[in-house]
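# Examining the three-dimensional arrangement
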Amino acid sequence: MNQVVIFGIMLAIVILGNILARHVPKIPLPFFLIGLGAALAVMPSLRNFTLDPSVFSFAIIAPLLFNEGQNASRIQIGRSLTNIVSLAVGLVLVSVIILGFGVHALFPIIPLSLAFALIAIVTPTDASAVSAVAQTNPLSDSQMQLLSNESLFNDAAGIVAFDLALTAYVSGQFSPTDALLDFLFVFFGGILVGAVLGMLIVNLRSWLIHIGDDEPLIMVGIQLLTPLLVYFLAEELGLSGILAVVASGIAQGVERDRLRLTSARMQIVSANVWEMVAAILSGLVFVLLGLSLPNVIVSALRGQAGLFSLLVGIGIFIYAAKSLVRLLWSRTLLRTGKKHRWRNAVIMMLGGANGTITLSLAFSMPQIVNGHSFPLRQGLILIAATVILLSLIVPVLVLPFCVPKQPKRNRQYVWCAECYQLALMPCGMNPFIIAKPKSLQTRCRRK
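Just so you know, these numbers come straight off a predicted model, no measurement behind them. (Residues numbered from 1 in each chain as written. Predicted model: local features only at pLDDT ≥ 70, side-chain atom pairs only at ≥ 80, totals over all residues. Heavy atoms only, no water.)

In terms of helices and strands, the protein chain carries 16 helices and four strands. Put simply, of all contacts in the protein chain between residues at least 6 apart along the chain, 75% involve residues at least 24 apart. Of the accessible surface of the protein chain, which amounts to about 22200 Å², a share of 65% is contributed by carbon and sulfur atoms. (Helix = DSSP H or I, 4+ residues; strand = E, 2+ residues; numbered from the N terminus. Contact = heavy atoms within 4.5 Å. Areas by Shrake-Rupley, 256 points an atom, 1.4 Å probe, with all protein chains shown as cover.)

This is the structure in C-alpha cells:
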C-alpha cells in the first residue's frame, strides 16, 4: 500500500480517537489510539507492518521534543535543575545498573548486557504520555513541570546507556572508562551543538524580520525544519540528537519571550501550527504502538504459550521494580517540599509514564547480530510494550486516590452588556450584573 495512503489512514485514526476521547473523557486518549491502531493491523496490507526506528526518531520524536523545549519555562528549569538532573541522569543510570543485575539474576535467559539495554529502554519517560496520564487526574503545576522537564532530558541518558549496552552485547567487550567518556561527550556535546544551532536560527529569523520577510510561510516553515536539521547534524557528529533538539527548542523559546522579534499575528499562527503538529504526532505515536502490538504478540506466541507468559511476567516485574526504585528515589532525593512527601513521591512514581522513546528504542534493536538472527528481539519488544501499557494503565487506576480533590466552583449565568447573550461565568471572576441589557454599562468580555 502506498505510504501516503497509510499516513492518511493513520491520520483518520488520530481524528477518530480524539472524537471518542472527547465523548468519553474518563478514558485517556492513548487507550483509544492504541486500540484503534491494533484494529488497523487487521488490514492485509498492514499485517506485516514494521516500524523504522530511524525515521520514527527523525520525523516524530525530534519535532515533539523541540516543541516541548520551546514551550518549557527556562525559569522553572533553573529553579528545579537539581531535581531534573537527579531524575534525568542519576535515576536513569542507577535504575539501569540495579535493575539490570536484578533482571539477569532472576531471568538468566536474558544476558547481562541485554538486561542493561532492556532497562535503558524502559527508563526514559515521555511528555505526551505524562500529559495523557494526567488528563483525567490533573496534577499540580509544579509536579507537571518537573515531570515534563524530566522527560526532556532523560531520553539522552537512556539512549546512551542503551547504545553502550547493545555495543557490549554485540562486541562482547565493555570498558567503564570509555563508557563514561562516551556518555559525557554525547550528552554535553548534544546540548552544546543544539544550543549553538538554535541561537543561529533565532538570529536568522530575527534578520528576516528586520528586512521584512516575516511571512507565516517563511517563519513557521523555518521553525518546522529546525528540529529536523538540528537532529540530523547532531547525529552526524555522533552526538545526542535528542538533547540537541531539546536545547535548540529552549533557544527558540528565547525568541518567543522577546516579543519584539515577532508580531502578535505571527505568534498566533506559530502557536496554532505547532499545536496541530504536536497533537497529530503524539497521536501517531500511540497508533503506531497499537499497530505494532499484534505482530509482536503473534511472534511471541509462535514459540510457545509459556514463553509468552514468561515475557509478560518479566515486563510486569520490571515495571514494579522500576516503580519501586523511582518511588524511593523521589522520596529521599527530590526536593518537593516538607509536606506530603510520600504522597508527592507516589505521584512522581506514577507520573513516569513511558511512550515514544521506549517504543523507538525497542524497535531499534537489530534483527541480525554477528551474522545470525537475533532471536530475543521480539521478546524484548514485547517486554517493553508491556511496560508501556502498564505505565499508562496503572496511573489511571491509582492516581484518583493520590491526587487531592479540586474544589468545585459555583457557576452562574450572567448577561453580557454588548452582545446580549447569556454567559456561564465561574464565581469570583468579577461577573456581570444580572439586569436588563440596556441598564448594563460593562464592557463585553467576549471580545
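What follows picks up the thread again.
This part covers the packing of helix 6 (residues 112–122) against helix 15 (residues 356–363). In the contact formed by helix 6 and helix 15, the axes pass within 8 Å of each other and the chain directions differ by 150°. For the element pair helix 6 / helix 15, the angle class is roughly antiparallel. Residue-level inspection shows Ala-120, Ile-121 and Val-122 of helix 6 in contact with helix 15, the latter providing Thr-358, Leu-361 and Ala-362. Residue composition of the contact of helix 6 with helix 15, by class: five nonpolar, one polar and no charged. (Axes fitted to C-alpha atoms, helices over the stretch in contact; angles between N-to-C directions. Parallel < 35°, antiparallel > 145°, perpendicular 65-115°, else oblique. Nonpolar A, V, L, I, M, F, W, Y, C, P; charged D, E, K, R; others polar.)

Per the counting criterion, the structure on display carries one salt bridge. In this structure, the salt-bridge partner of Glu-150 is Arg-326, at a minimum N-O distance of 2.8 Å. In this pair, Glu-150 sits in helix 8 (residues 141–171) while Arg-326 sits in helix 13 (residues 305–333), placing the two residues 176 residues apart along the sequence. By the burial criterion, Glu-150 is buried, and Arg-326 matches it. (Salt bridge = Lys/Arg side-chain N within 4 Å of Asp/Glu carboxyl O. Buried < 20%, exposed > 50% of the residue type's maximum accessible area, 1.4 Å probe, protein only.)

For the pair helix 6 and helix 16 (residues 377–398), the least separation of the axes is 10 Å and the interaxial angle reads 35°. Remark: the crossing between helix 6 and helix 16 carries right-handed chirality. Side by side, helix 6 and helix 16 meet where Leu-114, Leu-118, Ile-121 and Val-122 of the first sit next to Leu-380, Ile-383, Ala-384 and Val-387 of the second. Tallied by class, the residues present in the contact of helix 6 with helix 16 amount to eight nonpolar, no polar and no charged. (Left-handed = near helix turned anticlockwise from the far one by under 90°.)

Ranked by internal contacts, the top residues of the largest apolar core, which has 131 residues, are Met-10 and Ile-318. Here the element with the most residues in this core is helix 12 (residues 264–301); it accounts for 14 residues. Apart from the residues within four sequence positions on either side, Met-10 is in contact with Leu-40, Phe-49, Leu-284, Val-287, Leu-288 and Leu-291. (Core = buried A, V, L, I, M, F, W, Y, C linked by side-chain atoms within 4.5 Å.)

Since the α-helix turns once every 3.6 residues, residues separated by three or four places project in the same direction. Relative to the 30 Å expected for 21 residues at 1.5 Å per residue, helix 1 (residues 3–23) spans 31 Å between its end C-alpha atoms, a close match to the ideal helical length. Listed as buried for helix 1 are Ile-6, Met-10, Ile-13, Val-14, Gly-17 and Ala-21. Around the axis of helix 1, the buried residues are gathered within 105° of arc, so they sit on the same side. Exposed residues lying more than 90 degrees from the buried face of helix 1 are Val-4, Arg-22 and His-23. (Expected span 1.5 Å × (residues − 1). Arc of directions from axis to C-beta.)

Attention shifts here to the packing of aromatic side chains. Taken as a whole and judged by the stated rule, the model has seven aromatic pairs. Summarising the aromatic geometry, the rings of Phe-66 and Trp-274 are spaced 5.5 Å apart at their centres and angled 40° between planes, so their arrangement reads as tilted. Of this pair, Phe-66 sits in helix 3 (residues 53–71) while Trp-274 sits in helix 12; the two residues are 208 residues apart in sequence, bridging distant segments of the chain. Trp-274 carries the same exposure label as Phe-66, and that label is buried. Here the aromatic cluster, defined as three or more aromatic residues joined through ring pairs, consists of Phe-183, Phe-187 and Phe-188. (Phe/Tyr/Trp six-rings, centres within 6.5 Å; stacked < 30°, edge-to-face > 60°.)

With that settled, consider a nonpolar patch on the surface. On the surface, Phe-58, Leu-229, Phe-232 and Leu-233 cluster together into a nonpolar patch covering about 330 Å² of accessible area. For the nonpolar patch, the element with the most residues is helix 10 (residues 216–236), which contributes three residues. Mapped onto the elements of the fold, Leu-233 is located in helix 10. In this structure Leu-233 comes out as partly exposed when scored by relative accessible area, which is 32%. (Patch = residues over 30% accessible without salt bridge, like charges linked within 9 Å, V, L, I, M, F, W, Y side chains within 5 Å.)

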